[in-house]
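Observations on the model geometry
The lines below spell out each chain.
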Amino acid sequence: EPIVGSVMTDSPAAQNRLQPGDRILSIGSDKITKWADISSAVDKHVHDIIPVVIEREGTRMTVSMIPKTDEQSKRALLGITPTVTRQEHGFFESAG
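Residues numbered from 1 in each chain as written. Predicted model: local features only at pLDDT ≥ 70, side-chain atom pairs only at ≥ 80, totals over all residues. Heavy atoms only, no water.

Quick word on the overall build of the chain
Scanning the chain from terminus to terminus reveals three helices and eight strands. Taken over 96 residues, the chain has a buried fraction of 32%. Accessible area for the chain stands at about 6500 Å²; split by element, carbon and sulfur atoms hold 50% of it. (Helix = DSSP H or I, 4+ residues; strand = E, 2+ residues; numbered from the N terminus. Buried < 20%, exposed > 50% of the residue type's maximum accessible area, 1.4 Å probe, protein only. Areas by Shrake-Rupley, 256 points an atom, 1.4 Å probe, with all protein chains shown as cover.)

What follows is the structure, given as structure tokens:
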């Protein structure tokens, strides 16, 4: 799910006050349904101001961001990481 797990300091997401738990609904004209959609949507808008629609506690809001380019990977970034969910499995489920 495209839910923010953490926000990096001094990132476009931090400057726009995104918070852990925010759900990313769309970036530009791209609808976001899974975390992998975020990278491809952001990569289309390097150096552009893009509207990012989020949902926080049931309320939709739009923020405008300019992605930051990562010097090492040369990819556009918003400065967010996904929520990591752990699933507990019993011994027999794990054994397959």
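Text resumes after the structure shown.
Observations regarding the environment of Gln15
Its place among the elements puts Gln15 in helix H1 (residues 12-15). A C-alpha to C-alpha distance of 9.8 Å links Gln15 and Gly79, two positions 64 residues apart in sequence.

Description of unusual backbone geometry
Of note, the phi angle at Arg17 is positive, near 60 degrees, even though the residue is not glycine. Structurally, the position occupied by Arg17 is in the loop between H1 and strand E2 (23-27). Accessibility expressed as a relative area gives 63% for Arg17, which makes it exposed. In the Ramachandran plot, Glu57 falls in the positive-phi region, its phi being about 50 degrees despite a non-glycine side chain. Topologically, Glu57 is positioned in the loop between strand E4 (50-56) and strand E5 (59-65).

Side note on the pattern of salt bridges
Applying the stated rule across the entire model yields six salt bridges. Lys44 serves as the salt-bridge partner of Asp30, at 3.0 Å between the closest nitrogen and oxygen. Here Asp30, found in strand E3 (residues 30-31), pairs with Lys44, found in the loop between helix H2 (36-43) and E4; they are 14 residues apart in sequence, far enough to count as distant. On the basis of relative accessible area, Asp30 is assigned to the buried category, the value being 19%. According to the relative accessible area criterion, Lys44 is exposed, its value standing at 53%. Across the pair Asp43 and Arg75 runs a salt bridge, and its minimum N-O distance is 2.5 Å. One end of the pair, Asp43, is in helix H2; the other, Arg75, is in the loop between strand E6 (68-69) and strand E7 (76-77), and 32 residues separate them in sequence. On the basis of relative accessible area, Asp43 is assigned to the partly exposed category, the value being 30%. The exposure class of Arg75 is partly exposed, given its relative accessible area of 36%. (Salt bridge = Lys/Arg side-chain N within 4 Å of Asp/Glu carboxyl O.)

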